[in-house]
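Secondary and tertiary structure notes
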Amino acid sequence: MNISHISRRAVIAAAAALAMPVAMAQAPAKLKVGFMLPATGTFAALGTAIENGFKLYLTEKGGKLGGREVEFVKVDDESDPSKAIDNVNKLIKRDNVDVLVGSVHSGVAMAMAKVAKESGTLMINPNGGADAVTGAMCAVNIFRSSFSNWQPGFAIGQAMAAKGHKTAATITWKYAAGDEMAKGFKEGFEKAGGKVTKELTLPFPNVEFQAQLTEIAAAKPNAVFSFFAGGGAVKFVKDYDGAGLKKTIPLFGTGFLTDGTLEAQGASAEGVLTALHYADGLNTPRDNAFRLAYVKAFKMQPDVYAVQGYDAAQMLGIGLDAVKGDAKNTAGFAAAVTKATIDSPRGKFTISKAHNPIQDFYLRQVSGKENKVVGIASKALADPARGCNM
Ligand code: PHB
């Protein structure tokens, strides 16, 4: 009989003598995180950045959140809302995840929120801006580390008016994110004295923009507001420039238009003004450390999606620490997260009663390969959380 045998027996005997279950001496069960993100399609790169950011934070915390090691289950949601309910049900019922993390597309995020609300499963949304997620669908167990669609739309609307533009056309994909960002833009722009004179859309994820660009040229607004992201944003910014519009009708957008896309957009993006809760060249110790660690780990530059993934993990850690790793204690989790100040690479922010970030929106201008900060479009902007009775 060797020593280690004796000592293990002795420990078990001692635990039994104290009427303590032996299981208590073991490590807690792993925390199962269900990643529901796009791995294919126009938003594929966004999904990768979110996952990278999340994992970077986890590594910084020694691989644990709330005292539990983490295990991932992944689903490619294809940014397809028609498959979203099935996908999220699989994560909850088949894989028994403790927490849902997703998604990028507003329609997918709303489907996830619906199932999360019904089942009570903890959910952290690291992008999808659908206003309803922290509005009419708000719930004690649903959180967002990103933004509501209204927020960056409203911020750039105010900034465009402040630049002296009086009329604007809007162009975006016809789905919740496009509709709601354009609506937020219109509210911000018209409150500040502007007038939206043309509203153009095309179905998600189409990228044939010629018909709409011809309409913009004919309408001659002072400026254009747009929301596209990922692969679609790359093509739109190039086509806008290619159609010769950039010189005569300045292009504005929510920052997704130029975030993580500048390499591919090249000179076509130069000078474009956007509003977003992140920017290049913030040059704070917090952001510099984050960017250095991210580049080292993944051999690419971080963007807003990486930050949102990082902060999703951060919020999860803060909440789970407060409830000693018990992901079912959503009330305790919520109390801790809404009291916290999140020390994000974007700058510090807090979480509203409806569980959406209250944060600064930077005014950014593309210069070379960077979205340089040129001002603050809106300070500590809170989503109005219309329809949330929490
Ligand atoms: C969304 O569908 O909510 C969405 C997608 C991509 C973005 C921003 C918002 O970059």
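Residues numbered from 1 in each chain as written. Predicted model: local features only at pLDDT ≥ 70, side-chain atom pairs only at ≥ 80, totals over all residues. Heavy atoms only, no water.

Sheet strands line up and pair through hydrogen bonds in the backbone, either parallel or antiparallel. Overall, mixed pairing links the six strands, which are arranged β2-β3-β1-β4-β5-β6 in an open sheet. The open sheet is flanked by β2 (64–65) and β6 (142–144), the only strands paired with a single partner. In this structure, strand β1 (residues 31–37) lies alongside strand β3 (residues 68–76), joined through seven bridges in parallel fashion. In the sheet register, Gly34 faces β3, and the bridge partner there is Val73. Along the sheet face, helix α4 (residues 106–119) touches β1, β4 (99–102), β5 (122–125) and β6 and points at about 160 degrees away from the line of β5. (Pairing = 2+ DSSP bridges. Helix = DSSP H or I, 4+ residues; strand = E, 2+ residues; numbered from the N terminus. Contact = heavy atoms within 4.5 Å. Axes fitted to C-alpha atoms, helices over the stretch in contact; angles between N-to-C directions.)

Here we come to the site of the ligand. Close to the ligand lie 17 residues; Ser106, Gly129, Tyr175, Ala229 and Tyr305 are nearest. Tyr175 places a polar side-chain atom, nitrogen or oxygen, 2.6 Å from an oxygen atom of the ligand. Between the ligand and the protein, one listed contact pairs an oxygen atom with a side-chain N or O atom of Tyr305 at 2.7 Å. For the ligand, whose accessible area on its own is 290 Å², the fraction buried by protein is 100%. For the shell around the ligand, the class distribution of residues is eleven nonpolar, six polar and no charged. Taken together, domain 1 (31–147 + 281–355) and domain 2 (150–276) each give at least three residues to the shell around the ligand, which thus spans both. (Near = heavy atom within 4 Å. Polar contact = N/O pair within 3.5 Å; in protein donor to acceptor, adjacent residues only side chain to side chain. Areas by Shrake-Rupley, 256 points an atom, 1.4 Å probe, with all protein chains shown as cover. Nonpolar A, V, L, I, M, F, W, Y, C, P; charged D, E, K, R; others polar. Domains from an automatic or database assignment.)

The biggest cluster of nonpolar side chains holds 96 residues, and the ones touching the most others in it are Phe54, Leu65, Phe227, Phe228, Phe236, Phe256 and Leu316. Broken down by element, the residue count for this core peaks at ten residues, all from helix α11 (residues 304–322). Each of domain 1 (31–147 + 281–355) and domain 2 (150–276) accounts for three or more of the residues forming this core. Residue contacts for Phe236: discarding those within four places in its chain leaves Ile171, Phe209, Leu213, Ser226, Phe228, Leu251 and Leu257. Residues Leu91, Val97, Ala111 and Ala139 belong to the second largest nonpolar core, which totals 23 residues. (Core = buried A, V, L, I, M, F, W, Y, C linked by side-chain atoms within 4.5 Å. Buried < 20%, exposed > 50% of the residue type's maximum accessible area, 1.4 Å probe, protein only.)

Looking now at the pairing of strand β7 (residues 167–173). With respect to burial, β7 is a largely interior element, six of its seven residues being buried. Where β7 and strand β8 (residues 195–202) come together, seven bridges link them in parallel fashion. When the sheet's bridge partners are listed, Ala168 is paired in β8 with Val196. With helix α6 (residues 176–191) bridging β7 and the parallel β8, this β-α-β connection has right-handed handedness. Here β7 runs beside strand β9 (residues 223–227); their pairing, made up of five bridges, is parallel. Bridging across to β9, Ala169 finds its partner in Val224. (Right-handed = clockwise from strand over helix to strand, strands pointing away.)

Moving on: the environment of Ala111. Structurally, Ala111 can be placed in helix α4. What makes Ala111 buried here is its relative accessible area of 10%. Residues Ala111 and Ser82, spaced 29 residues apart in sequence, show a C-alpha to C-alpha distance of 9.0 Å. Apart from residues no more than four positions distant in its own chain, Ala111 is found in contact with Ala84, Ile85 and Val88.

Okay, the domain arrangement of the protein next. Often the size quoted for an interface is simply the accessible area lost on bringing the parts together. Structurally, the protein comprises domain 1 (31–147 + 281–355) and domain 2 (150–276). Interface of domain 1 and domain 2: buried area, both sides summed, is about 1200 Å²; carbon and sulfur atoms make up 64% of it. Three residues, Thr42, Asp131 and Phe147, lead the burial of domain 1 against domain 2; their summed loss comes to 40% of the area buried on that side. Where domain 1 touches domain 2, the interface holds zero salt bridges. In this structure, the connection of domain 1 to domain 2 is made through five residue pairs in polar contact (both at pLDDT 80 or more). (Buried area = accessible area lost by both parts, 1.4 Å probe. Salt bridge = Lys/Arg side-chain N within 4 Å of Asp/Glu carboxyl O.)

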